[in-house]
Amino acid sequence: MGPHCAIGAGVVVGDRVVLHPGVVIGDDVTIGEDSLLHARAVVREGCVLGARVILQPGAVVGADGYGFVPAGGKHVKVPQIGNVIVGDDVEIGANVTIDRATIGSTQIGQGTKIDNLVHVGHNVVIGENVLLVSQVGISGSSRVGDRSTLAGQVGVAGHLEIGSDSLILARTGVTKDIPDRAV
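Since the model is a prediction, treat every value here as computed from it, not as a measurement.

A look at unusual backbone geometry
With the exception of glycine, most residues fall at negative phi, and the peptide bonds are largely trans.
Part 1 of the reasoning: A positive phi angle, close to 60°, is found at Arg16, a residue other than glycine.
Part 2 of the reasoning: Mapping Arg16 onto the fold places it in the loop between strand 2 (12–13) and strand 3 (18–19).
Part 3 of the reasoning: Among the residues examined, Arg16 registers a relative accessible area of 54% and is labelled exposed.
Part 4 of the reasoning: With phi around 65°, Gln135 is a residue other than glycine that occupies positive phi space.
Part 5 of the reasoning: Note on placement: Gln135 falls in the loop between strand 20 (131–132) and strand 21 (137–138).
Part 6 of the reasoning: The exposure class of Gln135 is partly exposed, given its relative accessible area of 37%.

Here's what the structure looks like:
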């Protein structure tokens, strides 16, 4: 554990985990064995990291999702009481943000690799062995199937389904469901 790390109550850290300087771990977090959290990574309360997870500098797992409802001419925050579950062998790039679920869990499947500057919204489910490449943004409650690739600057609207083994090329705006094996 490097200098200036903060670890909350009820945290479970597996064997051979490395926490670099300035890492912040919230209450009731679980971190699987052989994981590596680089400088200034944050894992918020109640989130779960599997084994051999790598968080690059500045990655944030479990930030509040973007949930607001109009009330009396204002935008009122909806409590984000869920968590994030990250599977084994996942790598999360620098300055990535993965939002906690409003309720339930935002999920990142085993073997998925997430490049720098990606945003995964609340209640999103990412399948296994998915590639999210540079500046991808996935809006809340969408699903990405196993082994799919979303190349640089892909934007996905909320509540959509991208099928397994799909390839979504750079700067695509996804506004409807995408079937399996689509390009």
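Now, onward.
Topic: the pairing of strand 10 (residues 60–63)
Part 1 of the reasoning: Where strand 7 (residues 42–43) lies against strand 10, 2 bridges are found, and the strand directions are parallel. Of the residues in strand 10, the one forming a bridge with Val42 is Val60.
Part 2 of the reasoning: In terms of strand pairing, strand 10 meets strand 15 (residues 97–99) through 3 bridges, oriented parallel. What sits directly across from Val61, in strand 15, is Ile98.

Observations concerning the nonpolar core
Part 1 of the reasoning: Ranked by internal contacts, the top residues of the largest apolar core, which has 42 residues, are Leu37, Leu55, Ile92, Leu132 and Leu150.
Part 2 of the reasoning: When near neighbours in sequence (up to four residues on either side) are disregarded, Leu55 contacts Leu36, Leu37, His38, Ala41, Val43, Leu49, Val61 and Ile92.

Here we look at a nonpolar patch on the surface
Part 1 of the reasoning: On the surface, Leu167, Leu169 and Val183 cluster together to form a nonpolar patch covering roughly 290 Å² of accessible area.
Part 2 of the reasoning: Structurally, Leu167 can be placed in strand 26 (residues 167–168).
Part 3 of the reasoning: Judged by its relative accessible area of 33%, Leu167 falls in the partly exposed class.

Here's the deal with the packing of aromatic side chains
Part 1 of the reasoning: Under the defined criterion, the tally for this structure stands at 1 aromatic pair.
Part 2 of the reasoning: On the numbers, 5.0 Å between centres and 70° between planes, the contact of Tyr66 with Phe68 is edge-to-face.

A word on the sheet that holds strand 23 (residues 149–150)
Where strands meet in a sheet, backbone hydrogen bonds hold them as pairs that are either parallel or antiparallel.
Part 1 of the reasoning: One open sheet accounts for 8 strands, arranged 3-6-9-14-17-20-23-26; its pairing is parallel. With one partner strand each, in any of the chains shown, strand 3 and strand 26 form the two edges of the open sheet.
Part 2 of the reasoning: Examined bridge by bridge, strand 14 (residues 91–92) and strand 17 (residues 113–114) share 2 bridges and lie parallel to one another. When the bridges of strand 17 are listed, Ile92 appears paired with Ile114.

Rules and cut-offs
Residues numbered from 1 in each chain as written. Predicted model: local features only at pLDDT ≥ 70, side-chain atom pairs only at ≥ 80, totals over all residues. Heavy atoms only, no water. Helix = DSSP H or I, 4+ residues; strand = E, 2+ residues; numbered from the N terminus. Buried < 20%, exposed > 50% of the residue type's maximum accessible area, 1.4 Å probe, protein only. Pairing = 2+ DSSP bridges. Core = buried A, V, L, I, M, F, W, Y, C linked by side-chain atoms within 4.5 Å. Contact = heavy atoms within 4.5 Å. Patch = residues over 30% accessible without salt bridge, like charges linked within 9 Å, V, L, I, M, F, W, Y side chains within 5 Å. Areas by Shrake-Rupley, 256 points an atom, 1.4 Å probe, with all protein chains shown as cover. Salt bridge = Lys/Arg side-chain N within 4 Å of Asp/Glu carboxyl O. Phe/Tyr/Trp six-rings, centres within 6.5 Å; stacked < 30°, edge-to-face > 60°.

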